[in-house]
Amino acid sequence: MAKDERFVKIYSQGKMNISEIWVDTLTGVNYFFHASGYAGGMTPLLDKDGKPVITPDEELNWIKDK
């Protein structure tokens, strides 16, 4: 990963129906992306209280250094 990439894919599953989790390396906010055929969409990943899932700074630094 280039150190200047803003979004990093941290999880992926599927071949035809793709589900992925992306992290914004500046804010730590996690996003869920799903694609099926020619359609797709992305939304912030929310916790049980409806708040955005945010990756802690320590983990963000590890992701950036990969």
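That block above? That's the structure.
Bear in mind that the values here come from a model prediction, so they are computed numbers and not experimental data.

Draft legend 1. Structural context of the pattern of salt bridges. Taken as a whole, this structure holds two salt bridges when the rule is applied. Of the charged contacts, one joins Arg6 and Asp24 as a salt bridge, the two residues approaching to 2.8 Å between their closest N and O atoms. In this pair, Arg6 is assigned in the segment before β1 (7-13) and Asp24 in strand β2 (residues 17-24), connecting sequence segments 18 residues apart. Lys9 serves as the salt-bridge partner of Glu20, at 3.6 Å between the closest nitrogen and oxygen. Placement of Glu20 in strand β2 and of Lys9 in strand β1 is noted, with a sequence separation of eleven residues between them.

Draft legend 2. View of the pairing of β2. When β1 meets β2, the two strands line up antiparallel, connected through six bridges. When the sheet's bridge partners are listed, Tyr11 is paired in β2 with Ile21. Between β1 and the antiparallel strand that follows it, β2, lie three residues; Gly14 among them carries a positive phi value of about 95 degrees. As paired strands, β2 and strand β3 (residues 30-36) are joined by seven bridges and run antiparallel to one another. Within the sheet, the bridge partner assigned to Ile18 lies in β3 and is Ala35. The hairpin turn running from β2 into β3, its antiparallel successor, is five residues long, and Gly28 in that turn takes a positive phi close to 85 degrees.

Rules and cut-offs
- Residues numbered from 1 in each chain as written.
- Predicted model: local features only at pLDDT ≥ 70, side-chain atom pairs only at ≥ 80, totals over all residues.
- Heavy atoms only, no water.
- Salt bridge = Lys/Arg side-chain N within 4 Å of Asp/Glu carboxyl O.
- Helix = DSSP H or I, 4+ residues; strand = E, 2+ residues; numbered from the N terminus.
- Pairing = 2+ DSSP bridges.

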